Amino acid sequence: MRRSVDQQHFIDGLSRLRVQVATHDACQWFTFLDNDRDGRIDLLEWNQLLDRRNNFSRLFVAPDASGELKPLVDPLTEEEETQMKNMLNRLDILAKTAENCGVKLMVDAEQTYFQPAINRLVMELMRRYNRQAPVIFNTYQCYLRESFNNMTIDLKLALKEDFHFGAKIVRGAYMNQERKRAADVGYPDPVNPSYASTTRMYERVVGECLNQISAGNKVAIMVATHNQESIHFTTERMHQLGIEPRSQAVYFGQLLGMKDSLSFDLGRRGYLAYKYVPFGPVKEVLPYLTRRAHENSAMVSSTGQEIKEITTEIRRRV
């Protein structure tokens, strides 16, 4: 797969797509997209959304049936352009603050019909702020069939551009919405067919990231799961690859109050385990917690075991 194109390949590609544009205009378009002026453009340069000098409505275009470039949506109004730039500026402020404070900024994932835009913005933030350390993390939902491919594309871009790749790896929580929309609109179901296949996808994504870490590449991951089998897979694979628990490349995360025994055990064994607390208005936090509970409904079957472990520990301390 070609990762970047030079000017001639760009012009030839437009011709193959039957885009009706003069060579002079195509060259100007290429120059506009070639942000770093190296004579090539790639996916990270395609829009340069964080560059406030860009006029966004010029970028949202595609060839119609005749090959003529048409706006994908109605051109943004001046107010919408301002809103877009304000949103990007706020993202920039958050990322810069995280970098200055020495903390991680992990951007959550949403439904597949929103995610490409989020992914594009997060990769651009990575490119800017992950030069010295993994500050920005993108989220990959492993209940989706394309999770591994999407992660791999982003990883290779990060390696090519020589910045740290940060990945928060989750199972996902929009299965019902995704399947309903796929059925309503008429496109293939993007969700893995079973829980077991999602687990295999999760381990495949985690495993590839651990391989990259073991090879000395600039990769850091947050293994965000309450699933004991996935945590066991990760720790065992780390041991096999010689990745130290406190390597600062692998983190574990669970919600406060969910699977605390797993978190405490990870911490006891020297792994970097974190508990996170949703913060915000009740009307916004409750739906989030409901999705997490649904996502982790399989944990209910292990509640008895967790109570038993807690009781045993209390008796030991007494």
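Everything here concerns the structure above.
What you are looking at is a predicted structure, and each value in this text was computed from that prediction instead of being measured.

Calculation criteria
- Residues numbered from 1 in each chain as written.
- Predicted model: local features only at pLDDT ≥ 70, side-chain atom pairs only at ≥ 80, totals over all residues.
- Heavy atoms only, no water.
- Salt bridge = Lys/Arg side-chain N within 4 Å of Asp/Glu carboxyl O.
- Helix = DSSP H or I, 4+ residues; strand = E, 2+ residues; numbered from the N terminus.
- Buried < 20%, exposed > 50% of the residue type's maximum accessible area, 1.4 Å probe, protein only.
- Pairing = 2+ DSSP bridges.
- Right-handed = clockwise from strand over helix to strand, strands pointing away.
- Core = buried A, V, L, I, M, F, W, Y, C linked by side-chain atoms within 4.5 Å.
- Contact = heavy atoms within 4.5 Å.
- Axes fitted to C-alpha atoms, helices over the stretch in contact; angles between N-to-C directions.
- Parallel < 35°, antiparallel > 145°, perpendicular 65-115°, else oblique.
- Left-handed = near helix turned anticlockwise from the far one by under 90°.
- Nonpolar A, V, L, I, M, F, W, Y, C, P; charged D, E, K, R; others polar.
- Patch = residues over 30% accessible without salt bridge, like charges linked within 9 Å, V, L, I, M, F, W, Y side chains within 5 Å.
- Areas by Shrake-Rupley, 256 points an atom, 1.4 Å probe, with all protein chains shown as cover.
- Phe/Tyr/Trp six-rings, centres within 6.5 Å; stacked < 30°, edge-to-face > 60°.
- Lys NZ or Arg CZ within 6 Å of the ring centre and 35° of its normal.
- Expected span 1.5 Å × (residues − 1).
- Arc of directions from axis to C-beta.
- Polar contact = N/O pair within 3.5 Å; in protein donor to acceptor, adjacent residues only side chain to side chain.

Trainee: I keep staring at the pattern of salt bridges and nothing clicks. Help me out?
Mentor: Close approach of charged atoms allows side chains with opposite charge to pair. Following the criterion strictly, the structure yields 11 salt bridges and no others. The partner of aspartate 92 in a salt bridge is arginine 128, and the shortest N-O contact between them spans 3.5 Å. Residue aspartate 92 is located in helix 3 (residues 78-101), and its partner arginine 128 is located in helix 4 (residues 115-129); the two are separated by 36 residues in the primary sequence. Each of the salt bridges in this network shares a partner with another, and the network as a whole consists of Arg127, Lys160 and Glu161.

Trainee: Mind showing me how you'd approach the pairing of strand 6 (residues 136-141) here?
Mentor: On any regular strand, side chains alternate: one points to one face of the sheet, the next to the other face. In terms of residue burial, strand 6 counts as a mostly covered element, since 6 of its 6 residues are buried. Pairing geometry for strand 5 (residues 105-107) and strand 6, over 3 bridges, is parallel. Each residue of the ladder has a partner; that of valine 107, found in strand 6, is asparagine 138. Handedness of the crossover joining strand 5 and strand 6 through helix 4 is recorded here as right-handed.

Trainee: Would you mind going over the nonpolar core with me for this structure?
Mentor: Soluble, globular proteins show a tendency: their nonpolar side chains are buried together. Phe165, Ile169, Ile221 and Val250 are the most contacted members of the largest nonpolar core, which has 38 residues in total. In terms of residues, this core owes the most to one element, helix 7 (residues 195-214), which gives 7 residues. Apart from residues lying up to four places away in sequence, isoleucine 221 is in contact with Phe137, Ala167, Ile169, Val206, Cys209, Leu210, Ile213, Ala249, Val250 and Tyr251. With 8 residues, the next largest nonpolar core counts Phe10, Ala26, Trp29 and Leu33 among its residues.

Trainee: Help me understand unusual backbone geometry in this model?
Mentor: One can expect most non-glycine residues to show negative phi and most peptide bonds to be in trans. At aspartate 162, a residue that is not glycine, the phi angle is positive and equals roughly 60°. Here aspartate 162 lies in the loop between helix 5 (147-161) and strand 7 (165-170). Residue classification places aspartate 162 among the partly exposed positions, given a relative accessible area of 46%. In the Ramachandran plot, glutamine 248 falls in the positive-phi region, its phi being about 65° despite a non-glycine side chain.

Trainee: Would you explain the packing of helix 1 (residues 7-16) against helix 2 (residues 23-33) in this entry?
Mentor: Working note: a packed helix pair is described by the angle between its axes plus the distance between those axes. Their axes nearest at 10 Å, the elements helix 1 and helix 2 cross at an angle of 125°. The orientation of helix 1 with respect to helix 2, classified from their angle, is oblique. Where helix 1 crosses over helix 2, the two elements pack in a sense that is right-handed. Counted together, Gln7, Phe10, Ile11 and Leu14 of helix 1 and Thr23, Ala26, Cys27, Trp29, Phe30 and Leu33 of helix 2 form the full contact between these two elements. Within the contact of helix 1 with helix 2, the residues separate by chemical class into 8 nonpolar, 2 polar and no charged.

Trainee: Just checking my understanding: could you explain the sheet that holds strand 6 for this structure?
Mentor: Sheet strands pair via backbone hydrogen bonds, and the direction of the pair is either parallel or antiparallel. Spatial strand order, 5-6-7-8-9-10: 6 strands in an open sheet with parallel pairing. One side of each edge strand has no neighbouring strand; the edge strands of this open sheet are strand 5 and strand 10 (272-276). If you compare each strand with its neighbour and ignore which way they point, the axes differ by 25° on average. Bridge analysis of strand 8 (residues 219-224) against strand 9 (residues 250-255) gives 4 bridges, and the strand direction is parallel.

Trainee: What should I look at first to understand a nonpolar patch on the surface in this one?
Mentor: Taken together, Val282, Leu286 and Leu289 make up a surface patch of nonpolar side chains, about 260 Å² in accessible area. As for its position among the elements, valine 282 is in helix 10 (residues 282-295).

Trainee: When you look at the packing of aromatic side chains in this model, what are you seeing that I'm missing?
Mentor: Aromatic rings in a pair are described by how distant their centres are and how their planes are angled relative to each other. On inspection of all chains with the given rule, the structure shows 5 aromatic pairs. Above the face of the tyrosine 113 ring, arginine 181 is positioned so that its terminal group lies 4.3 Å from the ring centre.

Trainee: Any chance you could explain the environment of phenylalanine 137 here in plain terms?
Mentor: Among the secondary structure elements, phenylalanine 137 is positioned in strand 6. Take phenylalanine 137: its relative accessible area is 0%, and that puts it in the buried class. Residues phenylalanine 137 and alanine 220 lie 83 residues apart in sequence; the distance between their C-alpha atoms is 8.4 Å.

Trainee: So what exactly am I meant to see when it comes to helix 8 (residues 228-241) here?
Mentor: Every α-helical turn comprises 3.6 residues, leaving residues that sit three or four positions apart pointing alike. Taking 1.5 Å as the rise per residue, helix 8 with 14 residues should run 20 Å; its terminal C-alpha atoms sit 20 Å apart, in good agreement. Looking at helix 8, one finds that the buried residues are Ser230, Ile231, Thr234, Thr235 and Met238. In a view along the axis of helix 8, the buried residues occupy a sector of 130°, so they form one face of it. Residues of helix 8 that are exposed and angled more than 90 degrees away from the buried face: Gln228, Glu229, His239 and Gln240. Among the structural elements, helix 7, strand 8, strand 9 and helix 9 (260-268) are those in contact with the buried residues of helix 8. Put simply, asparagine 227 is the residue that caps the front of helix 8, since its side-chain oxygen is 2.9 Å from the backbone nitrogen of glutamate 229. Directly beyond the C-terminal end of helix 8, a positive phi value near 75° is found at glycine 242.

Don't take any of this as a statement about function, it's just geometry.
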